[in-house]
Amino acid sequence: MATYKAPVQEVLFLLNHVFPIADYGHLPAFAEVTPDLANAVLEEAAKVAEEVLAPLNRAGDRQGCRFHPDGTVTTPEGFAKAHDDFAKGGWIGLAADPEYGGQGLPYTLAAVIDEFASSANMAFAMYPGLTQGAIAALMQHGAPEQKKIYLPPMIAGTWTGTMNLTEPHCGTDLGLIRTKAAANGDGTYAITGTKIFISSGEHDLAANIVHLVLARIEGAPAGTKGLSLFIVPKFLPGDDGSLGARNGLVCGSIEEKMGIHGNATCVMNYEGATGFLIGEENRGLQAMFTMMNEARLGVGIQGLALSEAAYQHAAAYARERLQGRALTGPAFPDKPADPIIVHPDVRRTLLTIKAFNQAARALVIWTSLKADVARQATDDAERQAAEDHLGLLTPVIKGVLTDIGFDNTVRAQQVFGGHGYIAETGVEQFVRDARIAMLYEGANGIQALDLVGRKLPRDAGRAMLGFIGEVTGFLGENAGNEALAPFVENMRTSLGHLQDASMWFMRNALGRPDHAGTGATDYMHLFGLVALGYMSLRIAKAAAERKAAAPGEAAAMDAKLVGVRFFMERLLPETATRHARITAGADAVMAMPAEMF
């Protein structure tokens, strides 16, 4: 059975040649990040993923978390020590503010390490991942005294964090939240209600769990405008950060799930628990969006991560499994059969995954760099452009990377044939684990509606115009580049599909919103294909230049160029289908009466 190997060299190629980190030296987090330092950090993170987290993946899936009658939860064997090692290694606070114990390195490096950890053991990676999201929310919206108490132990990993949004009667429609917050008269609030599907809500990995809870203060307006955000710790800390009394909250049960068995998905009951308001009253959703946006990028990374892990398993199996003969005659006449890697359909399947992984990783790194710019740039125009990019691309990354990431785990399973359906090979776990990423942090249909209904028209389409302008500019600047010549027309055609679909919505969806609702998912994927195609072109340009400059790397660069060619010839043309579906409109979708379904 194959073992996971973190794609360190793939990442370094992107950071050194496609999006050179030297270009970001004006940002404080990058000031001391040389290629050598980035290499050292990534190599060490790879060891942790490969040697500590990956060996626990299958056992954690089979063991799962255990719920006890007193409301406590035990994680799979080995998780507690692994979390302790992960925390002591400084990985949770890698990109956090040094003032509170973080290392102050770029968010981009933390995003890459999230990919490694999620490929190795997605259920485990969710624990520190949620903590990092809570750290970001507190860093941006917490009061100074809250930061002083909560951030140092969370960054150190001795406390963990969660986000509590969903309730039994409401998921995406947060305006229906019923959890109440009653003022105690001393600046604190009594939080009462039930939250469900709370990842990492209870466990034995840390001394304290800091829940960020959306609730409605008594008398607040109805809907999302009346929501506030509260810190509700499992144990109440003193002013010096020491742990005091147990708070009035308890895990009522944990869910039995299709996958991610090693992560505790909890029902959390708040029974007059003491909560501390974050930011202003009735502006909790704005504060929670800081965590949600980071979480959505993180979930998109999970889609890539499981696609990569599944690909590695399938490619190794295809090189070893003997079955049939090559269509052109025996490739290995000395063996009883040829390895299935000789068969065109197996190669098509593997290249579909590989070409996606290559482009998706570039898209994640490009967007992570924009997050670093948005956080630290002092130039208003540069920061605004980065924020526009993040707003526009976050739903695309979450929706497209998790949809295709899941599809790719199924493709990898198909390479194994019947053996892919057997737990022993490990690939069926990737399928089960990947499925949740399409659902949580906003189901992918909601991501598509967010893109079409909110992100596309915002600020008169400024973000979209910026994206199209960048791709068009790149094509113009590289019109004479021989390495890109075979792909330019495909890219222009697909970019045209995106522009035309955007204009079609503007002409047709305002008067009839069903047109937007019907075409939203196809639009999200059309946008995703164009973005991945643009990443592929940038990879091709850098690979051709690197091949000429470093002949010793020619084979590796050729592999990247083949992946680009496959994407541009076999995957990008799907934009035509997506465009046709969008412009067909909503008539066929909305014609049938509900009772006929």
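Use the structure listed above.
Residues numbered from 1 in each chain as written. Predicted model: local features only at pLDDT ≥ 70, side-chain atom pairs only at ≥ 80, totals over all residues. Heavy atoms only, no water.

Draft legend 1. View of the overall build of the protein chain. When you go through the protein chain residue by residue, the secondary structure sums to 17 helices and 11 strands. A compact globule built from 597 residues should have a C-alpha radius of gyration of about 25 Å, and the protein chain, at 24 Å, falls within 12% of that. Seen along its three principal axes, the alpha-carbon backbone of the protein chain occupies a region of about 80 × 60 × 60 Å. Counting all 597 residues of the protein chain, 57% fall into the buried class. Residue pairs in contact within the protein chain that sit at least 24 positions apart in sequence constitute 73% of those at least 6 positions apart. Between the averaged position of the 50 positive side-chain charges in the protein chain and that of its 65 negative side-chain charges there is a distance of 4 Å. (Helix = DSSP H or I, 4+ residues; strand = E, 2+ residues; numbered from the N terminus. Rg over C-alpha atoms; globule rule 2.2 N^0.38 Å. Buried < 20%, exposed > 50% of the residue type's maximum accessible area, 1.4 Å probe, protein only. Contact = heavy atoms within 4.5 Å. Lys, Arg positive; Asp, Glu negative; His and termini not counted. Charge placed at Lys NZ, Arg CZ, Asp CG, Glu CD.)

Draft legend 2. Local environment of the nonpolar core. Leu42, Phe116, Leu212, Phe467, Tyr523 and Phe527 are the most contacted members of the largest nonpolar core, which totals 169 residues. Excluding its chain neighbours within four sequence positions, the residues that come into contact with Phe116 are Tyr4, Ala6, Pro7, Val8, Val11, Leu42, Ala45, Ala46 and Ala49. Counting residues in each nonpolar core, the second largest holds 28 residues, with Val299, Tyr311, Ala314 and Ala437 among its members. (Core = buried A, V, L, I, M, F, W, Y, C linked by side-chain atoms within 4.5 Å.)

Draft legend 3. Up close: the environment of Val213. Mapped onto the elements, Val213 comes out in strand E6 (residues 208-217). With 63 residues separating them in the primary sequence, Val213 and Phe276 have C-alpha atoms 9.8 Å apart. Setting aside its immediate chain neighbours within four residues, Val213 contacts Asn164, Ile191, Lys195, Ser228, Leu229, Phe230, Val232 and Tyr270.

Draft legend 4. Geometry of the environment of Leu401. Position of Leu401 among the secondary structure elements: in helix H9 (residues 380-415). When neighbours within four sequence positions are excluded, Leu401 is seen to be in contact with Gly300, Gly303, Leu304, Phe356, Ala360, Leu363, Val364 and Val396.

Draft legend 5. Structural view of the pairing of strand E3 (residues 159-164). With respect to burial, E3 is a largely interior element, 6 of its 6 residues being buried. Every second residue of E3 is oriented toward a common face, with Trp159, Gly161 and Met163 on one face and Thr160, Thr162 and Asn164 on the other, all of them buried. Judged from the 6 bridges that link them, E3 and E6 form a sheet pairing that is parallel. By the bridge assignment, Trp159 is partnered in E6 with Asn208. (Pairing = 2+ DSSP bridges.)

Draft legend 6. Geometry of helix H8 (residues 344-376). With 33 residues, H8 should cover 48 Å at 1.5 Å per step; its first-to-last C-alpha distance of 48 Å lies within 8% of that length. For H8, the buried fraction is high: 24 of the 33 residues fall into the buried class. (Expected span 1.5 Å × (residues − 1).)

Draft legend 7. View of the packing of helix H13 (residues 485-508) against helix H14 (residues 513-549). Here H13 crosses H14 at 155 degrees, and the two axes come no closer than 10 Å. Taken together, the axes of H13 and H14 are roughly antiparallel relative to one another. Helix-helix and strand crossings are classified by hand; for H13 and H14 the assignment is left-handed. For the pair H13 and H14, the contacting residues are Phe487, Met491, Ser494, Leu495, His497, Leu498, Ala501, Ser502, Trp504, Phe505 and Asn508 in the first and His515, Ala516, Gly519, Ala520, Tyr523, Leu526, Phe527, Val530, Gly533, Tyr534, Leu537 and Ala540 in the second. Classifying every residue of the contact of H13 with H14 gives 16 nonpolar, 7 polar and no charged. (Axes fitted to C-alpha atoms, helices over the stretch in contact; angles between N-to-C directions. Parallel < 35°, antiparallel > 145°, perpendicular 65-115°, else oblique. Left-handed = near helix turned anticlockwise from the far one by under 90°. Nonpolar A, V, L, I, M, F, W, Y, C, P; charged D, E, K, R; others polar.)

Draft legend 8. Highlighting the pairing of strand E4 (residues 180-183). Two elements, E4 and strand E5 (residues 189-199), share 4 bridges in a ladder whose sense is antiparallel. Among the inter-strand pairings, Ala183 is bridged to a residue of E5, identified as Tyr189. From the end of E4 to the start of E5, which pair antiparallel, there are 5 residues, and Gly185 there has a positive phi angle of about 90 degrees. As defined by bridge partners, E4 adjoins E6 across 2 bridges and the pair is classed as parallel. Across the sheet, residue Ala181 finds its bridge partner in E6, namely Ile217.

Draft legend 9. Seen up close, the pattern of salt bridges. In the structure shown here, the tally under the stated rule is 27 salt bridges. For the salt bridge of Lys81 with Asp85, the shortest nitrogen-to-oxygen distance reads 2.9 Å. Separated by 4 residues within a single helix, Lys81 and Asp85 lie in helix H4 (residues 79-88), roughly one turn from each other. Residue classification places Lys81 among the exposed residues on the basis of a relative accessible area of 57%. Here Asp85 falls in the partly exposed class, since its relative accessible area comes to 35%. Note that Arg375 and Glu294 form a salt bridge whose closest N and O atoms lie 2.2 Å from each other. (Salt bridge = Lys/Arg side-chain N within 4 Å of Asp/Glu carboxyl O.)

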